[in-house]
Amino acid sequence: MTHAMLKGSNVPLEATTVRAVLRWSPGQGVPDVDASALLLGADDRVRSDEDFVFYNQPRHPSGTVWRLGKKRDADGLTDTIQTDLAGTEPGVGRVLLVASADGVTFDRVRDLRILLYDAQTPDAEPLAYFDIKPETGQETALICGELYRRGEGWKFRALGEGYSNGLKGLATDFGISVDESEAAAEEPAAGDPAPAPAPARVHPEAPTQPHVPAAPEVSGPLPPEQRAGVPAQPAYGYPPQQPPAPAHPAPAQPAYGYPHPAAQPAYGYPQQPAAAAPAAHAFPPAGSGPDPDFRLPPQGPQFIGR
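Residues numbered from 1 in each chain as written. Predicted model: local features only at pLDDT ≥ 70, side-chain atom pairs only at ≥ 80, totals over all residues. Heavy atoms only, no water.

Draft legend 1. Structural context of the overall build of the protein chain. For the protein chain, the count of helices and strands is 2 helices and 12 strands. Overall, the protein chain shows an N-to-C arrangement of helices and strands of β-β-β-β-β-β-β-β-β-β-β-β-α-α. Taken across its 306 residues, the protein chain has 30% of its residues classed as buried. Within the structure as shown, the protein chain displays about 22400 Å² of accessible surface, and the carbon and sulfur contribution to it stands at 55%. (Helix = DSSP H or I, 4+ residues; strand = E, 2+ residues; numbered from the N terminus. Buried < 20%, exposed > 50% of the residue type's maximum accessible area, 1.4 Å probe, protein only. Areas by Shrake-Rupley, 256 points an atom, 1.4 Å probe, with all protein chains shown as cover.)

Right, here's the structure in full:
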C-alpha cells in the first residue's frame, strides 16, 4: 500500500534498506535538480564534513548512504539516494533527504515529488510519496523529508522546508565547513593591480565636432610674409618695399609738364574751369608773333640777382 503524505506527516518503515527517489518534469527553463543527504548526530548536526553525501562526495565512508545518480523514466527525470537503515551507525539519529537547484529557484521546477521504495523489491509500488510545494517559490534548496530513528525502528517524515541561499546555506546550517577558496579566488589579492576600467561607449549617432587647429604661439612680431592683410613696415633707413603690381593697373600719372587732372580747389579759392588739353604735338600757326600780353610769372627770391 502506498501512502500519499502531507507536509509534516510520517509513516513507519519496515524495510531495512530504502531508496528515496526525487522526480520532476523536464522542460524549457526548468533547472536540473540534485539529490543529497546529511547524516545528523544526536545534536542535529553533522559529526564531520564526511556526513554530507552529494554530487562531489557521492558515498558516505561507512557505505550505508550513497547517491545512485540521475536517470530518465516515463514520468520525468530522477535523482536517487539509497540508505541502509539496518547498517547505519548508532551515532546517526537522522538522515535528511535534500533537493537543490544550482542558483535557480524552485518555482520553475514542475511536479517535484519524492518517492520512497523498498530497495529489496525495486519493482514494487512505492511505500510512500510526497508532492513538494515550495512555500515562497524563491527557495534554491529544499529538505524534502527525513529518515529518523524511533526506538528500534525507523520512520519517514514529509517536510518541504526551504532555503533561499542554496545547498551551501543549508549545509552550513547543519555544521558543514564550506570551502571558501573558490570565492576567495575571485577576489583580487592585496597588492594586485585593479582591473582596467571598461572603455567608454560612444553613441554611434552622436555628432562629432570638427577639429580646429590651435593658433601658433608667437613671441614677437610676425615677418611680413606671415602677416596677411597688414602692410610690412620698412626697416629703418631703407626704402619701403613696393607691393606687387595689381592685375588691373591704375591709369598712369601724366609726366611733368603735361596738364594734370583737375584737382579739388584749395580752401578759400574759387574753382577755375579746366582748360581744354592741347592736341598732341600742336604748334602755333605760321606767321603768328609773340603774344604782346605774355608776362612771366612772379619770380621768387631764388631768381633775384645778387
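Draft legend 2. Seen up close, empty space enclosed by the protein. Tallied over the full model, the rule gives 1 cavity of 30 Å³ or more. Lining the largest cavity we find Ala-20, Leu-22, Ala-35, Ser-36, Ile-81, Leu-97, Val-98 and Ile-114. At the level of secondary structure, the elements contributing two or more residues to the lining of the largest cavity comprise strand 3 (17-25), strand 4 (33-40) and strand 8 (94-101). (1 Å grid on protein atoms, 1.4 Å probe; cavity = no way out; pocket = protein on both sides within 12 Å on 5 of 7 lines; lining within 4 Å. Points joined across faces, edges and corners; volume = space filled by probe spheres on them.)

Draft legend 3. Inspection of the packing of aromatic side chains at higher detail. Tallied over the entire structure, the rule returns 2 aromatic pairs. Taking the centre distance of 4.3 Å and the plane angle of 10° together, the rings of Phe-52 and Phe-54 count as stacked. The exposure class assigned to Phe-54 is buried, which follows from its relative accessible area of 16%. With 5.3 Å between their ring centres and 70° between their planes, Phe-54 and Tyr-55 make a pair best called edge-to-face. Here the aromatic residues Phe-52, Phe-54 and Tyr-55 are joined through ring pairs into a cluster of three or more. Stacked on the ring of Trp-66, the Lys or Arg Arg-59 has its end atom at 4.8 Å from the ring centre. Over the aromatic face of Tyr-148 sits the side chain of Arg-157, whose NZ or CZ is 4.2 Å from the ring centroid. (Phe/Tyr/Trp six-rings, centres within 6.5 Å; stacked < 30°, edge-to-face > 60°. Lys NZ or Arg CZ within 6 Å of the ring centre and 35° of its normal.)

Draft legend 4. Seen up close, the sheet that holds strand 12 (residues 153-163). Strand order in the open sheet formed by 6 strands is 2-12-11-8-4-5, and the pairing between neighbours is antiparallel. Unpaired on one side and paired on the other, strand 2 (10-13) and strand 5 (52-53) mark the two borders of the sheet. Looking at chain direction, strand 8 and strand 11 (residues 141-150) are connected through 7 bridges and run antiparallel. By the bridge assignment for strand 11, Ala-99 is matched with Leu-142. (Pairing = 2+ DSSP bridges.)

Draft legend 5. Region of the structure containing the confidence of the model for the protein chain. Averaged over every residue, the pLDDT of the protein chain is 75; the share at 70 or more is 58%. When mean pLDDT is compared element by element in the protein chain, strand 10 (residues 128-131) scores highest at 97, while helix 2 (residues 181-186) scores lowest at 42. The model gives residues 181-220 a pLDDT under 50, and that stretch makes 0 contacts with residues more than four places away or in other chains. Within the model, pLDDT remains below 50 along residues 277-282, and this stretch shows 0 contacts once partners closer than five positions in the same chain are excluded. (pLDDT = per-residue confidence, 0-100. Contact = heavy atoms within 4.5 Å.)

Draft legend 6. Seen up close, the side chain of Thr-140. If you trace the backbone, Thr-140 turns up in the loop between strand 10 and strand 11. Side-chain polar atoms of Thr-140 contact the backbone nitrogen of Gly-166, separated by 2.7 Å. Leave out the neighbours within four places in its chain, and Thr-140 touches Ser-100, Ala-101, Gly-103, Val-104, Thr-105, Phe-106, Tyr-163, Ser-164, Asn-165 and Gly-166. (Polar contact = N/O pair within 3.5 Å; in protein donor to acceptor, adjacent residues only side chain to side chain.)

Draft legend 7. Local environment of the pattern of salt bridges. According to the stated counting rule, one finds 13 salt bridges in the structure shown. With a closest N to O distance of 3.7 Å, Arg-67 and Asp-34 form a salt bridge. Note that Arg-67 is positioned in strand 6 (residues 65-73) and Asp-34 in strand 4, a separation of 33 residues in sequence. Across the pair, Asp-34 and Arg-67 agree in class, each one buried. Linking Arg-47 and Glu-89 is a salt bridge whose minimum nitrogen-to-oxygen distance equals 2.9 Å. Here Glu-89 lies in the loop between strand 7 (76-84) and strand 8 and Arg-47 lies in the loop between strand 4 and strand 5, a separation of 42 residues in the sequence. One network of salt bridges, with partners in common, ties together Asp-32, Asp-34, Arg-67, Lys-70 and Asp-79. (Salt bridge = Lys/Arg side-chain N within 4 Å of Asp/Glu carboxyl O.)

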